Each structure stands twice: as C-alpha cells, then as structure tokens.
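# Inside the fold
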Amino acid sequence: MTELIRSFIAVKIEAPETVARIGILQQDLQKSGLHAKFVETENFHLTLRFLGEIPLTTLETVKNRLSEVKFHPFRISLKGVGAFPAMSKPRVLWIGVEEGAEELVSLANQVRGKLASIKLPEPDEDFHPHLTIARLKGPLNAEARKIIDSSKDLLFGTQEIKYFALYQSILTPRGPIYKELMRYELS
C-alpha cells in the first residue's frame with residue numbers, strides 16, 4: 001500500500017509582534033463565547049497551494065519542481081478581519097493581506113505553474129491571500145460581531161517574506177501538526 005502524505009505549500013507567519021496581536025484577537029473572540037476551532041499561533045500560514053494526500057513519489061517530484069521557483073523577497077502587511085463565505089454566514093474567519101498581496105498571488109501562480117504537469121488534486125478555488133484564524137462551529141454572537149467590526153481596518157503587523165516551504169500536515173485529535181519538509185529561500 002502506498003503511503004500518502006497530506007501536504008501543502010505555504011508562507012509561514014512568524015513575526016512575533018504580528019503573531020501576538022492576532023493571538024490577542026483570538027483570545028478576545030474566545031472570551032466572547034464564540035464557538036470555534038482557533039488556529040494555533042504556531043500554525044499561522046498563508047497557503048499558496050494545498051496538495052492534499054499524495055504519494056511519497058509525487059512528493060519528491062513536487063520538491064524538485066518547487067526548487068525551480070524564482071522569486072524575490074517581499075514584505076506583507078496583515079490587515080482587517082473577514083469571513084468565508086460571507087460575514088452574514090461565516091464558516092471561516094480570516095485576516096487579510098494588504099501590502100504584498102500582488103506578490104503573494106504572483107508567487108502562488110508560479111508555484112501552481114511549476115506543479116501543473118504533476119498529477120495532483122485540483123485546487124479548490126482561485127488563490128486569495130488570507131490567514132485563517134478560526135473555523136466556526138456556530139453563528140457569530142453579538143459580542144464576537146462587535147470585536148470583528150472593530151477589527152475590520154486594524155493593522156496586525158508586517159513581515160518580510162524570505163522563503164516559502166513545503167509542509168506535511170499530520171492530523172491529530174488535538175489539531176493538526178505542521179512539519180516543514182523543505183524550505184525554498186527567495187533571492
């Protein structure tokens with residue numbers, strides 16, 4: 001039986017002040033009684049391409065193709081809170097990318113282009129840079145809605161993007177564990 005590796009390609013959000021500010025927002029939402037599964041701060045990332053469960057041999061091909069990506073370091077700013085599919089019926093809460101959004105789209109397009117000839121599950125949707133912070137298990141309560149409304153234009157911070165990485169996602173009852181398999185420096 002072929003071993004399948006659940007994997008994705010992403011940019012990690014790791015600027016300490018930015019992570020801390022987002023963590024405070026999550027704590028405030030939790031205290032408001034919002035029924036949600038919050039993303040652990042050490043797992044903050046912007047997914048460039050979700051690969052799903054793929055065989056080890058395919059993963060090796062992916063690693064090689066990703067080394068062909070040529071992109072320059074750039075800066076992003078994380079700003080504002082939104083929801084998918086809509087704030088009226090939210091299932092996912094996210095923080096948007098203001099500065100650097102175009103670069104992230106270009107990087108994601110290049111990553112997707114390098115992987116186009118490999119047999120992989122199709123991406124679910126077009127790439128929209130965002131940082132998922134929570135998956136909702138119920139409707140927004142009034143207090144959570146107030147917190148989100150007051151954070152619509154809030155700047156959470158900036159970060160220099162100097163690399164992207166290929167990650168393995170190990171699902172556990174306590175939540176996913178993300179293991180960096182390969183890092184690709186931008187230059």
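Above: the structure in question.
Residues numbered from 1 in each chain as written. Predicted model: local features only at pLDDT ≥ 70, side-chain atom pairs only at ≥ 80, totals over all residues. Heavy atoms only, no water.

## Notes on the layout of surface pockets
As a reminder, the rule being used: As defined here, a cavity is a set of points on a 1 Å grid over the protein atoms alone where a 1.4 Å probe fits but cannot get out. A pocket is an open set with protein on both sides within 12 Å along at least five of seven lines, and residues line them when an atom is within 4 Å of a point. Grid points are joined across faces, edges and corners, and a volume is the space filled by probe spheres set on the points. For the purposes of this entry, the term helix denotes a DSSP run of H or I that reaches at least four residues, the term strand denotes a run of E that reaches at least two, and both are numbered from the N terminus. For this scheme, ten residues count as nonpolar: Ala, Val, Leu, Ile, Met, Phe, Trp, Tyr, Cys and Pro. Four count as charged, namely Asp, Glu, Lys and Arg, and the remainder, Gly too, count as polar.
If you add up the space inside the largest pocket, you get close to 1,000 Å³. Lining of the largest pocket is provided by 35 residues; of these, Thr 47, Glu 125, His 130, Thr 132 and Arg 135 occupy positions nearest its centre. Of all the secondary-structure elements, those providing two or more residues to the lining of the largest pocket are β1 (4-12), β2 (36-38), β3 (45-55), β4 (74-86), β5 (89-97) and β6 (130-136). No other element matches the 7 residues that β3 contributes to the lining of the largest pocket. When its residues are assigned to classes, the lining of the largest pocket shows 17 nonpolar, 7 polar and 11 charged.

## Description of the sheet that holds β5
The criterion, for reference: Two strands form a pair only when DSSP identifies at least two bridges running between them. Axis definition: a line fit to C-alpha positions, over the contact stretch in the case of helices; interaxial angles, taken between N-to-C directions, run 0 to 180 degrees.
Taken together, the 5 strands give an open sheet; going across it, the order is β2-β6-β5-β4-β7, and neighbouring strands pair in antiparallel fashion. Single-partner strands in this sheet number two, and they are β2 and β7 (155-161). The mean inter-strand angle of the sheet, taken between neighbouring strand axes irrespective of direction, is 30 degrees. Examined bridge by bridge, β2 and β6 share 3 bridges and lie antiparallel to one another. Opposite Phe 38, over in β6, you have Ala 134 as the bridge partner.

## A look at helix α2 (residues 56-66)
Note that an α-helix has 3.6 residues per turn; residues three or four places apart therefore point the same way. Under the convention used in this document: For each residue, the accessible area found with a 1.4 Å probe, counting protein chains only, is set against the maximum for its type, and the residue is called buried under 20%, exposed over 50%, and partly exposed in between. Comment: arc refers to directions from the helix axis out to C-beta atoms. Contacts are assigned to residue pairs with any non-hydrogen atoms lying within 4.5 Å of each other.
For α2, the set of buried residues is Thr 58, Leu 59, Val 62, Lys 63 and Leu 66. The arc enclosing the buried residues of α2, seen along the axis, measures out at 145 degrees, which places them on a common side. Summarising the geometry of α2, the exposed residues directed more than 90 degrees from the buried face are Thr 57 and Asn 64. If you follow the buried residues of α2, they end up packed against β1, β3, α3 (101-115), β8 (163-170) and β9 (177-185).

## Brief notes about the sheet that holds β3
Taking strand neighbours across the sheet as the criterion, the 4 strands line up as β3-β1-β8-β9 in an open arrangement whose pairing is antiparallel. On the outer flanks of this sheet lie β3 and β9, each paired with one strand and no other. Each adjacent strand pair in this sheet contributes to an overall mean axis angle of 25 degrees, direction not counted. Contacts from α2 reach β1, β3, β8 and β9 within the one sheet, and its direction differs from that of β3 by about 145 degrees. In this fold α3 packs onto β1, β3 and β8, with an angle of close to 15 degrees to the strand it touches most, β3.

## Let's talk about the nonpolar core
Rule in force here: Nonpolar core, defined: a set of buried Ala, Val, Leu, Ile, Met, Phe, Trp, Tyr and Cys residues in which side-chain atoms within 4.5 Å join the residues together.
If you look at the biggest cluster of nonpolar residues, it comprises 53 residues, and the most contacted ones within it are Leu 29, Leu 48, Leu 66 and Phe 164. Leave out the neighbours within four places in its chain, and Phe 164 touches Ile 9, Ala 10, Val 11, Leu 48, Leu 66, Val 69, Leu 107, Val 111, Met 182, Arg 183, Tyr 184 and Leu 186. With 5 residues, the next largest nonpolar core counts Phe 8, Tyr 163, Ala 165 and Tyr 167 among its residues.

## Observations concerning the side chain of Thr 58
By the element assignment, Thr 58 lies in helix α2. The class of Thr 58 is buried, set by a relative accessible area of 15%. Residues within four places of Thr 58 in sequence aside, it is in contact with Ile 118, Lys 119 and Leu 120.

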